[in-house]
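Geometric and topological summary
The lines below spell out each chain.
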Amino acid sequence: MYKRKLYLFGLLSTFILLIALASAAVSAHLTRANLKQSQLAQSLLSEHQQLSSISYRLFKQLTDELIFGKNANQAKVRNKQQQIQQSLVRIKQFELAQREALGIEATQGSVEDTDELEALIAEIVNEFRAIAQSNDSAPLYEQQRLQTLLESTIDNQFREAINSAVTRQTRVVSGINASIETLNTSIVWFTICLGIITCPFILLGCYWLFNSLYQPLTVIRTGTDAIASGNYDYRLPETLDDEFTDLVKALNSMITRLAEHEDKADAYRKQLEFEVETRTRALKEANSKLTQIDAKRRQFMADVSHELRTPLTIIRGEAQVTLRQRSATNEIYQETLETVLEQAINLSKLVDDLLLLARAEMHEFTLDLSKTNLQSLLEQQTSTWQKVTKPREFKLEWAVNRNVHVFIDEGRLLQTLTILIENAHKYSHEGQPITLKVSSNNDWVTLSVIDIGDGISSGDLEHVFERFVRLKRKGDGMGLGLSIAKAIAEAHGGKLEARSTLGKGSEFMLAIKASPDSE
């Protein structure tokens, strides 16, 4: 087993060495190719410079021939022409080789420009011959044709062609040198990176080899310690050397059996804890509900007792006072009975209201629903509500198509609106109008009762719909009106909400569903 690991380490090391050698071979090949191209470019540059030098000497000798006669420098002229031709042949050979190696894009125009340069040199030589044979008697410095040849053709065209070729080859040489520099830099960095990667690998490999000698014993000792400490989830790896495989399997089998027994015991314990926690939570919730119900019952009894005490006290007091009078007249008995009747009516109304709220809470509050034209219903009640709010102005505003129908219990809906309008009349500033505004939002119709008064604080606004809540002691109400109005709204499947601004007034909004066929 250990021999296999050594073989593996040797193979990996050999693989890394082969990568390094292959990289070195590729780098050497690329470097040799770049150096070859650099030498070729340098040779081209040297040939262009030599061609320029020979050509200028030829032009000078041809000029001397014009000055000193036709037979002057003939041998030298022929020699220079031969050298120029040889140089052009070498330049073309080098340029074709360069194009084949670097591609037409990198050597764009080199071969073509050389052909043009060869044609230009031949043209200049022929022009010198033509001027020499023209037999022009004028002085040379006055001959326009010679001046054009010297100044335009040689100084401009030829010089520009030579400089262009030299510049192009200089650029190619610079590019090849830059490529060589980049390649050398890459080789250096590759060598550094390979060394950085290889050195830790060798160190880690050595550590791995030494560690593999002691790992099986360390793993087995760790496993036995885990078993002794009660960690039955621990498993010894079965990927150790063959010598320890049977021992590891036996230990893992023992741990598995111990873990199964521990899991069963833990499952029974968790099941018991869960059942106890569930029962405890259920008892706490039941106790909390009973506590809340008892608190509501106590509060309800206290509120009812408080509200019943006043009319019963008045009835008892009136009866006692009347009975104590020995010579009470019919008028006194009449007045006493009227007082008793009034308080009895108040008690009856209180009982009816409490019964309505109780039925609403028990979901036994039934409505006599029918399809109703809202415009007709509200306009019929306008005069009644005007009497309720007299002497202040009562306004009915429409922010929706008046031909709207709703499924409602007319009596209960009017009861709700009457409660809201009476509250607005009680708690708004004198002389300020009360507005009933009808609006709609999607499938909902909203009836808003708006007043202008002191308003309700945000803290009190949360409690306005609770029973027996009277934020301001005005009127003779018992604080059940808004609770009844909210119960009627919810029985219709709607909702009753309030919003208010201190010093500006309040708005109570009753929202109910519109009939689908409303226009």
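Since we're looking at a predicted model, the values are computed, not measured.

Let's shift gears to unusual backbone geometry. Put simply, Lys-390 and Pro-391 share a cis peptide bond, and its omega is 10°. Among the secondary structure elements, Pro-391 is positioned in the loop between helix 7 (374-389) and strand 2 (394-398). Positioned with a positive phi, Asn-442 is a non-glycine residue whose angle comes to about 60°. Following the sequence through the fold, Asn-442 ends up in the loop between strand 4 (434-441) and strand 5 (444-450). You can call Asn-442 exposed: its relative accessible area is 73%.

In this section: the pattern of salt bridges. Scanning the entire structure with this criterion turns up six salt bridges. The residue Arg-281 makes a salt bridge to Glu-277 at a minimum N-O spacing of 3.6 Å. Here Glu-277 and Arg-281 lie together in helix 5 (residues 245-324), a separation of four residues that amounts to about one turn. The class for Glu-277 is partly exposed, based on a relative accessible area of 48%.

Bringing the side chain of Ser-428 into the picture now. On the secondary structure map, Ser-428 appears in the loop between helix 8 (410-427) and strand 4. By relative accessible area, which is 7% here, Ser-428 ends up buried. Within the local environment of Ser-428, its side chain forms a polar contact with the side chain of Arg-392, the two groups lying 3.0 Å apart. Within polar-contact distance, the side chain of Ser-428 engages the backbone oxygen of Ala-424 at 2.6 Å. Beyond its immediate sequence surroundings of up to four residues, Ser-428 is in contact with Arg-392, Ile-434, Asp-451, Ile-452 and Gly-453.

Relative to the 22 Å expected for 16 residues at 1.5 Å per residue, helix 7 spans 21 Å between its end C-alpha atoms, a close match to the ideal helical length. All buried positions along helix 7 are accounted for by Leu-374, Leu-377, Leu-378, Gln-381, Trp-385 and Thr-389. Where helix 7 is buried, its residues contact strand 1 (370-373), strand 2, strand 3 (405-408), helix 8, strand 4 and strand 5. Here helix 7 starts with a cap whose side-chain oxygen sits 3.0 Å from the backbone nitrogen of Gln-375, and that cap is Asn-373.

Attention now goes to the environment of Leu-357. Tracing the sequence through the fold places Leu-357 in helix 6 (residues 330-361). Taking relative accessible area as the criterion, Leu-357 reaches 5% and is therefore assigned buried. In contact with Leu-357, not counting residues within four places along its chain, are Arg-467, Leu-480, Ser-483, Ile-484 and Ala-487.

Our focus in this paragraph is the sheet that holds strand 4. Across the sheet, which stays open at both edges, the five strands sit in the order 2-4-5-7-6 with mixed pairing between neighbours. Taken across any chain shown, the strands that pair with only one partner, and hence form the sheet edges, are strand 2 and strand 6 (495-501). When the angles between neighbouring strand axes are averaged without regard to direction, this sheet yields 20°. Sheet topology places strand 2 next to strand 4; five bridges connect them, and they run parallel. Across the sheet, the residue bridging to Leu-396 is Leu-436, located in strand 4. Relative to the sheet, helix 7 contacts strand 2, strand 4 and strand 5, its axis offset from that of strand 2 by approximately 160°. Lying over the sheet, helix 10 (residues 481-491) contacts strand 6 and strand 7 (505-513), oriented at roughly 135° with respect to strand 6.

Moving on, we get to the packing of helix 6 against helix 10. At a minimum axis distance of 10 Å, the contact between helix 6 and helix 10 shows a crossing angle of 40°. With respect to their mutual orientation, helix 6 and helix 10 come out oblique. Crossing of helix 6 over helix 10 shows left-handed handedness. Contacts from Asp-353, Leu-356, Leu-357 and Ala-360 of helix 6 reach helix 10 at Ser-483, Ile-484 and Ala-487.

Our next topic: the pairing of strand 7. In terms of residue burial, strand 7 counts as a mostly covered element, since eight of its nine residues are buried. Examined bridge by bridge, strand 5 and strand 7 share seven bridges and lie antiparallel to one another. Paired with Trp-444 across the strands is Lys-513, a residue of strand 7. Here strand 6 runs beside strand 7; their pairing, made up of seven bridges, is antiparallel. Pairing of Glu-497 across the sheet is with Met-509, part of strand 7. Linkage of strand 6 to strand 7, two consecutive antiparallel strands, is achieved through a turn of three residues, within which Gly-503 is found at a positive phi near 85°.

Turning next to helix 10. Within helix 10, the full set of buried residues consists of Leu-482, Ser-483, Ile-484, Ala-485, Ala-487, Ile-488 and Ala-489. Gly-493 lies just past helix 10 and shows a positive phi near 80°.

This part takes up the nonpolar core. Nonpolar side chains tend toward joint burial in soluble globular proteins. Of all hydrophobic cores here, the largest spans 42 residues; its most connected members are Leu-374, Leu-378, Leu-413 and Leu-447. When residues of this core are assigned to their parent elements, the largest contribution, seven residues, is made by helix 8. With near-sequence residues (within four places) excluded, Leu-374 lies in contact with Trp-398, Val-404, Val-406, Leu-413, Val-438, Val-445 and Leu-447. Formed by 25 residues, the second largest nonpolar core is a distinct cluster that contains Ile-54, Phe-59, Leu-88 and Leu-117.

What follows concerns the packing of helix 8 against helix 10. A pair of packed helices is captured by two measures, namely the crossing angle of their axes and the spacing between those axes. Where helix 8 contacts helix 10, the two axes come as close as 9 Å, and the packing angle between them is 145°. With respect to the hand of their crossing, helix 8 and helix 10 are arranged in left-handed fashion. Of the residues in helix 10, those in contact with Arg-412, Gln-415, Thr-416, Ile-419, Leu-420 and Asn-423 of helix 8 are Gly-481, Leu-482, Ile-484, Ala-485 and Ile-488. Looking at the contact of helix 8 with helix 10 residue by residue, the class counts come to six nonpolar, four polar and one charged.

A separate point is the packing of aromatic side chains. If you walk through the whole model with that rule in mind, you get two aromatic pairs. In this structure, Lys-486 is placed above the aromatic ring of Phe-465, and the distance from its NZ or CZ to the ring centre is 4.9 Å.

Once that is clear, we can look at the side chain of Thr-435. If you trace the backbone, Thr-435 turns up in strand 4. Judged by relative accessible area, Thr-435 falls into the buried class, the value being 10%. When near neighbours in sequence (up to four residues on either side) are disregarded, Thr-435 contacts Lys-395, Glu-397, Ser-448, Val-449 and Ile-450.

What counts as what
- Residues numbered from 1 in each chain as written.
- Predicted model: local features only at pLDDT ≥ 70, side-chain atom pairs only at ≥ 80, totals over all residues.
- Heavy atoms only, no water.
- Helix = DSSP H or I, 4+ residues; strand = E, 2+ residues; numbered from the N terminus.
- Buried < 20%, exposed > 50% of the residue type's maximum accessible area, 1.4 Å probe, protein only.
- Salt bridge = Lys/Arg side-chain N within 4 Å of Asp/Glu carboxyl O.
- Polar contact = N/O pair within 3.5 Å; in protein donor to acceptor, adjacent residues only side chain to side chain.
- Contact = heavy atoms within 4.5 Å.
- Expected span 1.5 Å × (residues − 1).
- Pairing = 2+ DSSP bridges.
- Axes fitted to C-alpha atoms, helices over the stretch in contact; angles between N-to-C directions.
- Parallel < 35°, antiparallel > 145°, perpendicular 65-115°, else oblique.
- Left-handed = near helix turned anticlockwise from the far one by under 90°.
- Core = buried A, V, L, I, M, F, W, Y, C linked by side-chain atoms within 4.5 Å.
- Nonpolar A, V, L, I, M, F, W, Y, C, P; charged D, E, K, R; others polar.
- Phe/Tyr/Trp six-rings, centres within 6.5 Å; stacked < 30°, edge-to-face > 60°.
- Lys NZ or Arg CZ within 6 Å of the ring centre and 35° of its normal.

Taken by themselves, the reported measurements are silent on function.
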